[in-house]
Amino acid sequence: SAVISQKPSRDICQRGTSLTIQCQVDSQVTMMFWYRQQPGQSLTLIATANQGSEATYESGFVIDKFPISRPNLTFSTLTVSNMSPEDSSIYLCSVDGDRQGRQDPQYFGPGTRLTVL
Amino acid sequence: AQTVTQSQPEMSVQEAETVTLSCTYDTSESDYYLFWYKQPPSRQMILVIRQEAYKQQNATENRFSVNFQKAAKSFSLKISDSQLGDAAMYFCAYRVLYGGSQGNLIFGKGTKLSVKP
């Protein structure tokens, strides 16, 4: 399994500002994923980040709002830009457990709880 | 499009009793994975159990087992000998395989399980 850490664990931000969330994995992984979990809701995939290429965004999410970096195989960042109260959510990073296997579940970080005032 | 439906927003079980959480999914694919994830109040997503669609045998992990009915597209989770620590949100998730490559995880809306002492 993979051990994933996220920073910050929580933050309270003002409208119009930006926050960058970091995700660190204890092993090299090909694919990293960013999810949003709005209060009381399920998880929605924001984008998939592969090292060395542009992130692939899901419908309803755009790079200008959620720029992602993936500088190496163990690290990624997600920025929430020009925040509004509607961006208040838990943001979760996840990875595939193994670069090679079919048998991989996704492992999740502890999440970042963002509150926008 | 693939969808995952959890028809029970909330469930309750007495400690030491057995509870079954329901999940149905819709797909035209034949090769895919199904998962149950647990999210306690700490919000850490924890993999509970997984099932490969090509396997007829139901997966089992200690007190957790599934009833996988591929024709009916049903994937229920049974928790035996329920413990207080089982109280959490439970998410059913689906992941398709495309020619050996894994697609995205698609989550249901979740079932909140309460365990009564």
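1. Some thoughts on the overall build of chain B
- The secondary structure content of chain B amounts to zero helices and 12 strands.
- Along its sequence from the N terminus, chain B presents helices and strands in the succession β-β-β-β-β-β-β-β-β-β-β-β.
- By the compact-globule yardstick of 13 Å for 117 residues, chain B fits well, its C-alpha radius of gyration being 14 Å.
- With the C-alpha coordinates aligned to their principal axes, the bounding extent of chain B is approximately 45 × 25 × 20 Å.
- Per-residue burial for chain B yields a buried fraction of 49% across its 117 residues.
- Taking all contacts inside chain B whose residues are at least 6 apart in sequence as the whole, residues at least 24 apart take part in 55%.

2. Some thoughts on the packing of aromatic side chains
- One pass over the full model with this rule turns up 15 aromatic pairs over all chains.
- Relative to Tyr37 of chain B, the ring of Phe108 of chain A has its centre 5.3 Å away and its plane inclined at 85 degrees; by these criteria the two rings are edge-to-face. Here Phe108 of chain A, found in strand 10 (residues 106-108), pairs with Tyr37 of chain B, found in strand 5 (residues 32-39), and the two come from separate chains. Neither residue differs from the other here; Phe108 of chain A and Tyr37 of chain B are each classed as buried.
- With centroids separated by 6.0 Å and ring planes inclined at 45 degrees, the aromatic side chains of Tyr33 of chain B and Phe35 of chain B adopt a geometry described as tilted. Each member of the pair Tyr33 of chain B and Phe35 of chain B is classed as buried.

3. Some words on the interface of chain A and chain B
- With 26 residues of chain A in contact, the opposing surface of chain B contributes 22 residues.
- Counting every contact that joins chain A to chain B gives zero salt bridges.
- Linking chain A to chain B there are five residue pairs in polar contact (both at pLDDT 80 or more).
- Elements represented by at least two residues in the side of chain A that touches chain B include exactly strand 4 (31-37), strand 5 (43-50), strand 9 (89-96), strand 10 and strand 11 (112-116) of chain A.
- In terms of residue class, the side of chain A that touches chain B is built from nine nonpolar, 11 polar and six charged.

4. With respect to unusual backbone geometry
- Residue Pro8 of chain A is bonded to the preceding Lys7 of chain A through a cis peptide linkage, with omega at -10 degrees.
- Mapped onto the elements of the fold, Pro8 of chain A is located in the loop between strand 1 (4-7) and strand 2 (10-13).
- The backbone of Asn62 of chain B shows a phi angle near 55 degrees, a positive value even though the residue is not glycine.
- Structurally, the position occupied by Asn62 of chain B is in the loop between strand 7 (60-61) and strand 8 (64-69).

5. Some remarks on the pattern of salt bridges
All names here are of chain B.
- Considering all chains together, one arrives at four salt bridges over all chains under this definition.
- The shortest N-O distance in the salt bridge between Asp26 and Lys73 comes to 3.8 Å. One end of the pair, Asp26, is in strand 4 (residues 24-26); the other, Lys73, is in the loop between strand 8 and strand 9 (74-79), with 47 residues separating them in the sequence.
- Its relative accessible area of 40% is what places Asp26 among the partly exposed residues.
- A salt bridge links Lys55 to Glu52; the shortest N-O distance between them is 3.2 Å.

6. Brief notes about the side chain of Asp86 of chain B
Residues and elements named next belong to chain B.
- Secondary-structure assignment places Asp86 in the loop between strand 9 and strand 10 (88-98).
- Within the local environment of Asp86, its side chain forms a polar contact with the side chain of Arg63, the two groups lying 2.8 Å apart.
- Not counting residues up to four positions away in its chain, the partners in contact with Asp86 are Lys38, Arg63, Phe64, Ile79, Asp81, Leu113 and Val115.

7. Observations concerning the environment of Met11 of chain B
Residues and elements named next belong to chain B.
- Locating Met11 in the fold gives a position in strand 2 (residues 10-14).
- The partly exposed category is assigned to Met11, whose relative accessible area is 23%.
- Spatially, the C-alpha atoms of Met11 and Ser82 are 12 Å apart, while their sequence positions differ by 71 residues.
- Once residues within four sequence positions are removed from consideration, Met11 is found in contact with Val19, Thr20, Leu21, Thr111, Lys112, Leu113 and Ser114.

Thresholds applied
Residues numbered from 1 in each chain as written. Chains lettered and ligands numbered in written order. Predicted model: local features only at pLDDT ≥ 70, side-chain atom pairs only at ≥ 80, totals over all residues. Heavy atoms only, no water. Helix = DSSP H or I, 4+ residues; strand = E, 2+ residues; numbered from the N terminus. Rg over C-alpha atoms; globule rule 2.2 N^0.38 Å. Buried < 20%, exposed > 50% of the residue type's maximum accessible area, 1.4 Å probe, protein only. Contact = heavy atoms within 4.5 Å. Phe/Tyr/Trp six-rings, centres within 6.5 Å; stacked < 30°, edge-to-face > 60°. Salt bridge = Lys/Arg side-chain N within 4 Å of Asp/Glu carboxyl O. Polar contact = N/O pair within 3.5 Å; in protein donor to acceptor, adjacent residues only side chain to side chain. Nonpolar A, V, L, I, M, F, W, Y, C, P; charged D, E, K, R; others polar.

Interpretation in functional terms is not warranted from these geometric data alone.
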